[in-house]
Amino acid sequence: MGTLTIYAMANDFRIQVYGHHWAQTLLRRALVRNETRHAYLFLGPEHIGKMTLARAFAQALTCEHFSDEFGLGACGQCRSCRLAAAGMHPDHRFFAPAGSQLLIDQIREVVREAALSPVESRFKVFILTDFERANVNAANALLKTLEEPSATTRIILISHQPSGLLDTIISRCQLLRLRPLPEETITAALVERFGLEAESARRLARLSNGRIGRAFELAQDPESWQTYYQRIQQLNETLAYSPAQRIAYAQKLEKQGQQVETLLQEWLLWWRDVLLIQNNSHTLIVHEGHLDELTALAEQLDPTLVRRFVEAILTTSRYLRKNVNRQLALEVLLLKAPVQAYNRTQ
Ligand SMILES: [Zn+2]
């Protein structure tokens, strides 16, 4: 059963936002007072629901029967709300990087359209995602529109990498810093949305590490589990590598850009499970389906080594967020990975 069916059954087309309650309240109040800012910047790690919040806000901005009752206040019934839920509202415009960059031509399109009146609603809403990937020229091209916007234009920039943004952009937006969601929020969302049993919902929530988008993806798509384990396997295979091979692999990893941070989070949870087995805390294990493999690692490796490696993954993740020399950080991490002739048990 797809999400659309669920909406249709309830005859409610509100775009639902899980968690981020303070942000929802702040935006709803601005809507109620008719004091929304012309530009917003939603900042926070990947897959925590920034785009969903932006879509829900856009829905509320263009709703024909806005009320101060639920969520962001969209009625979820009107034509405008239905179009928004289907991602087909003519006044909601989405821009994502074409390839590796958000191009100046895309920004010029935003600037041109932002000067025009909305097609059918009170506001025209532009949502620009992964804005850290706008090159300097593209970002500069947006400055004037951010500074002197048309009264009916609202711009929402989304980014998970504040270090990639120009100060001049940040200072022209209302900044909302969003955080990963608590495990309970994601657990409840999985139960409500996908009808999962509480226990499997909890495990999935833990695995997602506050990133509700990842949890939803895994809950909906069995294939995403397979690719998930393949990623872990690939990383684990480096345990059998020589130092030179590890350095070469670090270079390959570095080229994956922001994906690396997600990868490290996943690897961290895997090694945390090894540590949990070594400490006989089986109930907290996330990767239950791979107990044999985890147990083999737990038995073969010195717990001190595993603990140090878990700490090293945490430190590296912190470094990567600070945008230090990424390749060096990854090389150091891989060289610290426990050495072992790694045998797959499956
Ligand atoms: Zn509505």
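Small disclaimer: the values here were computed from a predicted structure and weren't measured. (Residues numbered from 1 in each chain as written. Predicted model: local features only at pLDDT ≥ 70, side-chain atom pairs only at ≥ 80, totals over all residues. Heavy atoms only, no water.)

**Describing the overall build of the chain**
And step 1. The helix and strand inventory of the chain stands at 16 helices and five strands.
And step 2. A compact globule built from 346 residues would reach a C-alpha radius of gyration of about 20 Å, and the chain, at 22 Å, matches this within 12%.
And step 3. Here the chain, with 346 residues, has 49% of them falling under the buried criterion.
And step 4. Considering only contacts within the chain whose residues lie at least 6 apart along the sequence, 73% involve residues at least 24 apart.
And step 5. A total of about 16,700 Å² of accessible surface is found on the chain, and carbon and sulfur atoms cover 51% of it. (Helix = DSSP H or I, 4+ residues; strand = E, 2+ residues; numbered from the N terminus. Rg over C-alpha atoms; globule rule 2.2 N^0.38 Å. Buried < 20%, exposed > 50% of the residue type's maximum accessible area, 1.4 Å probe, protein only. Contact = heavy atoms within 4.5 Å. Areas by Shrake-Rupley, 256 points an atom, 1.4 Å probe, with all protein chains shown as cover.)

**Some thoughts on empty space enclosed by the protein**
And step 1. Considering all chains together, one arrives at one cavity of 30 Å³ or more under this definition.
And step 2. Considering only enclosed or pocket space, the largest cavity measures out at about 80 Å³ in volume.
And step 3. Forming the boundary of the largest cavity are Leu207, Ser208, Asn209, Arg211, Arg214, Leu218, Tyr228, Thr262, Gln265, Glu266 and Leu269.
And step 4. Of all elements in the fold, only helix H9 (198-208), helix H10 (212-220) and helix H13 (259-278) reach the threshold of two or more residues within the lining of the largest cavity.
And step 5. For the lining of the largest cavity, the element with the highest residue contribution is H13, accounting for four residues.
And step 6. Its residues assigned to classes, the lining of the largest cavity shows four nonpolar, four polar and three charged.
And step 7. In this structure, the lining of the largest cavity is formed jointly by two domains, domain 2 (181-220) and domain 3 (227-336), each of which donates at least three residues. (1 Å grid on protein atoms, 1.4 Å probe; cavity = no way out; pocket = protein on both sides within 12 Å on 5 of 7 lines; lining within 4 Å. Points joined across faces, edges and corners; volume = space filled by probe spheres on them. Nonpolar A, V, L, I, M, F, W, Y, C, P; charged D, E, K, R; others polar. Domains from an automatic or database assignment.)

**Concerning the layout of surface pockets**
And step 1. As a volume, the largest pocket reaches approximately 760 Å³.
And step 2. Around the largest pocket sit 33 residues that line it, and His47, Gly49, Lys50, Met51 and Thr52 are the ones nearest its centre.
And step 3. Secondary structure elements with two or more residues in the lining of the largest pocket: helix H1 (3-10), helix H3 (50-62), strand E4 (153-159), helix H8 (183-194) and H10.
And step 4. Looking at side-chain class alone, the lining of the largest pocket contains 12 nonpolar, 14 polar and seven charged residues.
And step 5. The computed volume of the second largest pocket comes to approximately 560 Å³.
And step 6. Lining the second largest pocket we find 19 residues, and of these Gly44, Pro45, His160, Leu178 and Arg321 sit closest to its centre.
And step 7. For the lining of the second largest pocket, the secondary-structure elements that each account for two or more residues are H13 and helix H15 (303-321).
And step 8. Here the lining of the second largest pocket takes three residues from H13, the largest share from any one element.
And step 9. Residues of the lining of the second largest pocket, tallied by class, amount to six nonpolar, seven polar and six charged.

**Comments concerning the packing of helix H11 (residues 222-237) against H13**
Two packed helices can be described by the angle between their axes and the distance between those axes.
And step 1. H13 packs onto H11 with a crossing angle of 80° between their chain directions and a minimal axis gap of 10 Å. In terms of orientation, H11 lies roughly perpendicular with respect to H13. Contacts between H11 and H13 pair Tyr228, Tyr229, Arg231, Ile232, Leu235 and Asn236 from the former with Leu263, Glu266, Trp267, Trp270 and Trp271 from the latter.
And step 2. In terms of residue class, the contact of H11 with H13 is made up of eight nonpolar, one polar and two charged. (Axes fitted to C-alpha atoms, helices over the stretch in contact; angles between N-to-C directions. Parallel < 35°, antiparallel > 145°, perpendicular 65-115°, else oblique.)

**A look at the sheet that holds E4**
Note on sheets: strands pair through backbone hydrogen bonds, and any given pair is parallel or antiparallel.
And step 1. Read across the open sheet, the five strands follow the order E2-E3-E4-E1-E5; overall the sheet is parallel. Looking along the sheet, the strands with just one partner apiece sit at the ends: strand E2 (92-95) and strand E5 (174-177). Shown here is a sheet whose adjacent strand axes are inclined to one another by a mean of 15°, direction ignored.
And step 2. Here five bridges tie strand E3 (residues 124-128) to E4, and the two strands are oriented parallel to one another. By the bridge assignment for E4, isoleucine 127 is matched with isoleucine 156. (Pairing = 2+ DSSP bridges.)

**Some thoughts on the nonpolar core**
And step 1. Grouped together as the largest cluster of nonpolar side chains are 50 residues, with contacts concentrated most on Trp267 and Trp271.
And step 2. It is H13 that contributes the most residues to this core, 12 residues altogether.
And step 3. Composition of this core by domain shows at least three residues from each of domain 2 (181-220) and domain 3 (227-336).
And step 4. When near neighbours in sequence (up to four residues on either side) are disregarded, tryptophan 271 contacts Asn236, Leu239, Leu297, Leu301, Val306, Phe309, Val310, Ile313 and Pro338. (Core = buried A, V, L, I, M, F, W, Y, C linked by side-chain atoms within 4.5 Å.)

**Digging into the packing of aromatic side chains**
And step 1. Evaluation of the coordinates by the stated rule reveals 11 aromatic pairs.
And step 2. The interplanar angle of 75° and the centroid separation of 5.2 Å between the aromatic rings of tyrosine 228 and tyrosine 229 together place this pair among those described as edge-to-face.
And step 3. For tyrosine 229, a relative accessible area of 17% translates into the label buried.
And step 4. With 6.1 Å between their ring centres and 75° between their planes, tyrosine 241 and tyrosine 249 make a pair best called edge-to-face.
And step 5. On the basis of relative accessibility, which here comes to 27%, the residue tyrosine 241 falls in the partly exposed class.
And step 6. Accessibility expressed as a relative area gives 10% for tyrosine 249, which makes it buried.
And step 7. Members of the aromatic cluster, each reached through a chain of ring pairs, are Tyr18, Phe194 and Phe216. (Phe/Tyr/Trp six-rings, centres within 6.5 Å; stacked < 30°, edge-to-face > 60°.)

**Observations regarding the side chain of serine 224**
And step 1. As for its placement among the helices and strands, serine 224 is situated in helix H11.
And step 2. A polar contact of 3.2 Å, which involves the side chain of serine 224, links it to the backbone oxygen of glutamate 217. (Polar contact = N/O pair within 3.5 Å; in protein donor to acceptor, adjacent residues only side chain to side chain.)

**Brief notes about the coordination of the zinc ion**
And step 1. Only Cys63 (SG), Cys75 (SG), Cys78 (SG) and Cys81 (SG) from the protein coordinate the zinc ion, and they sit 2.3 to 2.4 Å from it.
And step 2. Note that the zinc ion binds four donor atoms; their angles at the metal cover 102 to 122°, and the shape is tetrahedral. (Donors = N, O, S within 2.8 Å, 3.2 Å for Na, K, Ca; no water. Tetrahedral: all angles 85-135°; square planar, octahedral: opposite > 155°, others 65-115°.)

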